[in-house]
Amino acid sequence: MVGQKFNFSVQLCSSTCDNTIDPNTVIIQSRLVGDAIYSSINFQKTEKATSTQRSCCNHVKTFEFMVFDSGDYWLEIMASRVGTLLMNQLVYRGRLRVASKQPDSNVDPNKTLCQHSNHVGSMPSGRWLMGAAKLGFDQINDAFGYNNDYVWVPFDCYYRPILQRELRKCLEHRHINSFVFSGDSLGREMMSNTFQFIVGKNSSGVDGRKLKTNTIGKLQSGETTLWWVGGEFPSIKKIKEMKTNVFMWAPAVVMGLYHSQGKTDTLIKKYSDLMPTFSKTCRDANIDCYLFLNPTVQRHSVVLDDLHRKSITRSNVQEIINELKNIAQKLKISVIDASITTDARWLATWDGIHYTRGTYSDKDQSEFKDVYQWQGGVSWMNTLIFLNMVC
């Protein structure tokens, strides 16, 4: 039934009964795909198999879903790693029908616009619904198919589409003439996307890769300036010098895992210690601040060597995000949690980590020439959520 939980289990079986599987070396994800896309609402639970189950299957992983939209779905399971084998393969796909005797929640007339209060410490849970263009979100579709007519819709509130004219009018009305973004390449995605919305989709040759992690740079559109401060976040003095109204900090989780070789405890302590400073900086500078939490790592990128593939994983990133959300809740920091929106979007990232990519007409992309498209509809949706908070 719609709005009720259900779960299913996956047995981990060895090809020979004398070779059991270590469940800690098996990384699998599940989702439902149809007119809506749902991720499981809980992390997978691993339990030992009971005596009534096959002797060659020594563990069971259980996934749980909460579905609010009736219809036919594909239940899919993807394996990222089994033991030392990198797979990134769909290992199961089966049909599932969800029936309903009540109206689906996406037409609930009592829904209100999502507010800052919905984003304190986390953000509203939801799912991706088919019909982005019909609902006015056609700007989050992209030609490469990273997102094809799906829009993120929370269960208890809603976001509105924001077109260029409305956005410029909002910035003028709120006297916002400067943004500051800080972090790593995932933070740069949000900056590049925001700039695209301000100047008009695909209308500028912006390339976020020019704004390196350890540099200060800017993008300019009329009287609006978007500043990039690589690394952690700038001092109060630097923020005042930039005369900013809005500040987004994206903790460098991926780069941190890369350089620390997956030491999550070290990074959790580092960013936990920085969170009170971030909160105080925002209060003292009297500006709107947002914590951008890393999107989900979907697969093990072949670009990385094996050591770093083992470090930059879905579970490692999520462990850090969960700790930062707990602290953000206590400090009442507004959060854009990209891990929620990207969890079930396995194919919306071009390299397993990044959800936006520039495409080029020049064959020598290393020269950053002739950018003509900025692709990544799921990343654009995260930016629209951010702009809903700003405006």
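Right above here is the structure, for reference.
Nothing here was measured: the structure is a model prediction, and the numbers come from that model.

Participant: I tried to follow the overall build of the protein chain on my own but got confused; where do I start?
Facilitator: The number of helices and strands found in the protein chain is nine helices and 19 strands. Going through the 391 residues of the protein chain one by one, you find that 55% of them count as buried. If you sum the accessible surface of the protein chain, you get close to 18,400 Å²; carbon and sulfur atoms cover 50% of it.

Participant: Please explain the packing of aromatic side chains as it appears in this structure.
Facilitator: Pairs of aromatic rings are described using the distance from one ring centre to the other and the angle between the two planes. Overall, the coordinates contain eleven aromatic pairs when judged by the stated rule. Arranged with centres 5.8 Å apart and planes meeting at 70 degrees, the rings of Trp 128 and Trp 152 form a pair that is edge-to-face. Linking Trp 128 in strand β9 (residues 126–130) with Trp 152 in strand β10 (residues 150–154), this pair joins segments that are 24 residues apart in sequence. Looking at Trp 128, the relative accessible area reads 1%, which means it is buried. Since its relative accessible area comes to 4%, Trp 152 is described here as buried. Relative to Phe 386, the ring of Phe 181 has its centre 6.0 Å away and its plane inclined at 70 degrees; by these criteria the two rings are edge-to-face. Of this pair, Phe 181 sits in strand β12 (residues 178–183) while Phe 386 sits in helix α9 (residues 377–390), and the two are 205 residues apart along the sequence. Taking relative accessible area as the criterion, Phe 181 reaches 1% and is therefore assigned buried.

Participant: Explanation requested: the sheet that holds β10 in the structure shown.
Facilitator: Paired through their backbone hydrogen bonds, the strands of a sheet run either parallel or antiparallel. Across the sheet, which stays open at both edges, the six strands sit in the order β7-β6-β2-β3-β9-β10 with antiparallel pairing between neighbours. At either end of the open sheet lies a strand with only one pairing partner, and these are β7 (85–98) and β10. Taken pair by pair, the neighbouring strands of this sheet meet at an average axis angle of 25 degrees, ignoring direction. Relative to strand β3 (residues 36–39), strand β2 (residues 26–33) runs antiparallel, the two sharing three bridges. What sits directly across from Val 33, in β3, is Ile 37.

Participant: What's the story with the pairing of β2 in this structure? I'm lost.
Facilitator: Put simply, side chains in a regular strand alternate between the two faces of the sheet. Most of β2 sits inside the fold, with seven of its eight residues counted as buried. In this structure, β2 lies alongside strand β6 (residues 71–82), joined through eight bridges in antiparallel fashion. Looking at β6, one finds that Ser 30 is bridged to Ile 77. The turn linking β2 back onto β3 is made up of two residues.

Participant: So what exactly am I meant to see when it comes to the packing of helix α2 (residues 185–199) against α9 here?
Facilitator: For any two helices packed against each other, the geometry comes down to the angle between their axes and how far apart the axes lie. It is the contact of α2 with α9, at a shortest axis distance of 9 Å, that shows an interaxial angle of 75 degrees. Classified by the angle between their axes, α2 and α9 sit roughly perpendicular to one another. Residues Glu 189, Met 190, Asn 193, Thr 194 and Phe 197 of α2 lie in contact with α9, whose contacting residues are Ser 379, Trp 380, Asn 382, Thr 383, Leu 384, Phe 386 and Leu 387.

Participant: I would appreciate a short explanation of the environment of Arg 93 in the present structure.
Facilitator: Looking at where Arg 93 falls in the secondary structure, it is placed in strand β7. When the C-alpha positions of Arg 93 and Arg 31 are compared, they lie 9.9 Å apart, and in sequence the two are 62 residues distant. The residues touching Arg 93, leaving out its near neighbours within four places in the chain, are Trp 74, Leu 75 and Glu 76. Of note is the side chain of Arg 93, whose polar atom sits 2.7 Å from the side chain of Glu 76.

Participant: Looking at this structure, I do not really get the sheet that holds β12. What am I missing?
Facilitator: One open sheet accounts for six strands, arranged β13-β14-β12-β15-β16-β17; its pairing is mixed. Every interior strand has two partners, whereas the edge strands, β13 (216–221) and β17 (334–337), have only one. If you compare each strand with its neighbour and ignore which way they point, the axes differ by 20 degrees on average. Here six bridges tie β13 to strand β14 (residues 224–230), and the two strands are oriented antiparallel to one another. Bridging from a neighbouring strand, Lys 218 pairs with Trp 227 of β14. Sitting on the sheet, helix α7 (residues 314–331) is in contact with β16 (288–293) and β17, with an inclination near 155 degrees to β16. In the packing of α9 onto the sheet, the strands contacted are β12, β15 (246–250), β16 and β17, and the crossing angle to β17 comes to about 160 degrees.

Conventions and cut-offs
Residues numbered from 1 in each chain as written. Predicted model: local features only at pLDDT ≥ 70, side-chain atom pairs only at ≥ 80, totals over all residues. Heavy atoms only, no water. Helix = DSSP H or I, 4+ residues; strand = E, 2+ residues; numbered from the N terminus. Buried < 20%, exposed > 50% of the residue type's maximum accessible area, 1.4 Å probe, protein only. Areas by Shrake-Rupley, 256 points an atom, 1.4 Å probe, with all protein chains shown as cover. Phe/Tyr/Trp six-rings, centres within 6.5 Å; stacked < 30°, edge-to-face > 60°. Pairing = 2+ DSSP bridges. Axes fitted to C-alpha atoms, helices over the stretch in contact; angles between N-to-C directions. Parallel < 35°, antiparallel > 145°, perpendicular 65-115°, else oblique. Contact = heavy atoms within 4.5 Å. Polar contact = N/O pair within 3.5 Å; in protein donor to acceptor, adjacent residues only side chain to side chain.

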